[in-house]
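Coordinate analysis (summary)
Now for the letters of each chain:
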Amino acid sequence: MRKGNTMSEKFIKRENASEESAAMRPAVNVVEDATGITLYADLPGVPKEKLSIHVEGDNLILEGELEINSPPNMEAIHAEVDRSRYRRVFTLSRELDGDKVSAGFRHGVLELRIPKAEHAQPRRIVVQAT
Amino acid sequence: MHYRGIFPRDLFTELERLQREFDSSPSIRGAAPGYPAMNVGTTPKSVEVYAFAPGMTPEEFDVQVENGVLTISGECKDIVPPEGATIHIGEHFSGRFRRVISLPDDIEPNSTMASYRDGVLHVCVARREAAQSRRISVQ
């Protein structure tokens, strides 16, 4: 791919907007099974090193910065993606273990695994016959 | 199929599109602008198209230039949850997609290149040399 200006200088229109509105909200899928939650987030255009995932208290914060090399002399004529960042915040419920989040990132899709804390793991209660 | 005229010469297409967007009844093909989201730019030598379609592999795209029209299509596989799992949020696009854009008159369809990186498909369609503006010296 040719080196050039990044996306942010070419297709971006609303760079001066307030922080919250300047970011796009990535589409996500959230799936829960017995041992935890898996979150998939669409972050096309974000290279691995521009992705940030952090847990602050009960909040899980996903952020990513777009980086798309376009030719330096390019003139943007149509932009549906016209902001340079993604951001989305989720509240983690108490049984989730924010310290043990693991992540994978491939072709713009982030896969996050948030396990349930030990004490919240399902336990099968045996019904005694009396 | 989402048809968009984005080059200035397609004035009628553009007007029609604007009309459609202001129309209160939604299209049967869903809300504009369709999947994947696209950005388009031009340089004197090329038309640059960026399609934001994460979670694919390069082989899963079908990119065609025919009669001055660029078509990007493919199928985005669904994320299959494990047995017994509950889906809480399901926003990820899945299924077949197809987007069509009309290109300017001066393109060279045989030198089209496409690459896929970080979930973005980049298609570069070359424009003919002749169309590039040249300074004419006055005798």
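For the structure itself, consult the block above.
The model shown is predicted, which means the values in this text are computed figures rather than measured ones. (Residues numbered from 1 in each chain as written. Chains lettered and ligands numbered in written order. Predicted model: local features only at pLDDT ≥ 70, side-chain atom pairs only at ≥ 80, totals over all residues. Heavy atoms only, no water.)

Another point: unusual backbone geometry. Residues and elements named next belong to chain B. For the bond from Y35 to P36, the omega torsion is -5°, close enough to zero to count as cis. With respect to the helices and strands, P36 occurs in the loop between α1 (11-22) and β2 (37-43). Notably, N67 is not glycine yet its phi reads approximately 50°, a positive angle. Its location among the elements puts N67 in the loop between β4 (61-66) and β5 (69-76). (Helix = DSSP H or I, 4+ residues; strand = E, 2+ residues; numbered from the N terminus.)

Now for the interface of chain B and chain A. Taken together, the contact pairs 41 residues of chain B with 40 residues of chain A. Counting each side, the surface lost to burial between chain B and chain A is near 3,200 Å², with a carbon and sulfur contribution of 58%. Where chain B packs against chain A, one counts two salt bridges. R99 of chain B is the partner of E80 of chain A in a salt bridge, and the nearest nitrogen-oxygen pair spans 2.7 Å. Among the secondary structure elements, those contributing two or more residues to the side of chain B that touches chain A are β2, β3 (46-52), β6 (86-90), β8 (107-117) and β9 (120-127) of chain B. Counting residues per element, the side of chain B that touches chain A draws most heavily on β2 of chain B, which supplies seven residues. In this structure, strand β2 (residues 28-33) of chain A lies alongside β6 of chain B, joined through four bridges in antiparallel fashion. Pairing of E32 of chain A across the sheet is with T86 of chain B, part of β6 of chain B. (Contact = heavy atoms within 4.5 Å. Buried area = accessible area lost by both parts, 1.4 Å probe. Salt bridge = Lys/Arg side-chain N within 4 Å of Asp/Glu carboxyl O. Pairing = 2+ DSSP bridges.)

Before going further, it helps to spend a moment on the packing of aromatic side chains. All names here are of chain B. The full count for this structure, using the stated rule, is six aromatic pairs over all chains. A centroid spacing of 6.4 Å and a plane angle of 65° characterise the contact between F93 and F97, whose relative ring orientation is edge-to-face. Relative accessible area serves as the criterion here: at 4%, F97 is assigned to the buried category. An aromatic cluster is built from Y35, F61, F93, F97 and Y116, whose rings are joined through pairwise contacts. (Phe/Tyr/Trp six-rings, centres within 6.5 Å; stacked < 30°, edge-to-face > 60°. Buried < 20%, exposed > 50% of the residue type's maximum accessible area, 1.4 Å probe, protein only.)

Turning our attention to the sheet that holds β6 of chain B. Here five strands make up an open sheet; going across it, the order is β8(A)-β9(A)-β3(A)-β2(A)-β6(B) and the pairing antiparallel. Both outer strands of the open sheet, β8 (102-106) of chain A together with β6 of chain B, are each paired with one neighbouring strand and no more. Strand-to-strand, the axes of this sheet are offset by a mean angle of 15°, without reference to chain direction. In terms of strand pairing, strand β3 (residues 36-42) of chain A meets strand β9 (residues 109-115) of chain A through seven bridges, oriented antiparallel. Note that in β9 of chain A the partner of G36 of chain A across the bridge is P115 of chain A. (Axes fitted to C-alpha atoms, helices over the stretch in contact; angles between N-to-C directions.)

Summed over the entire model, instances satisfying the criterion amount to twelve salt bridges over all chains. A salt bridge links R88 of chain A to E91 of chain B, with the nearest nitrogen and oxygen atoms 2.8 Å apart. Note that R88 of chain A is positioned in strand β7 (residues 85-91) and E91 of chain B in the loop between β6 and β7 (95-102), a pairing that runs across two chains. With a relative accessible area of 34%, E91 of chain B lands in the partly exposed category. Beyond isolated ion pairs, a larger network of salt bridges with shared partners links E63, R85 and R87 of chain A.

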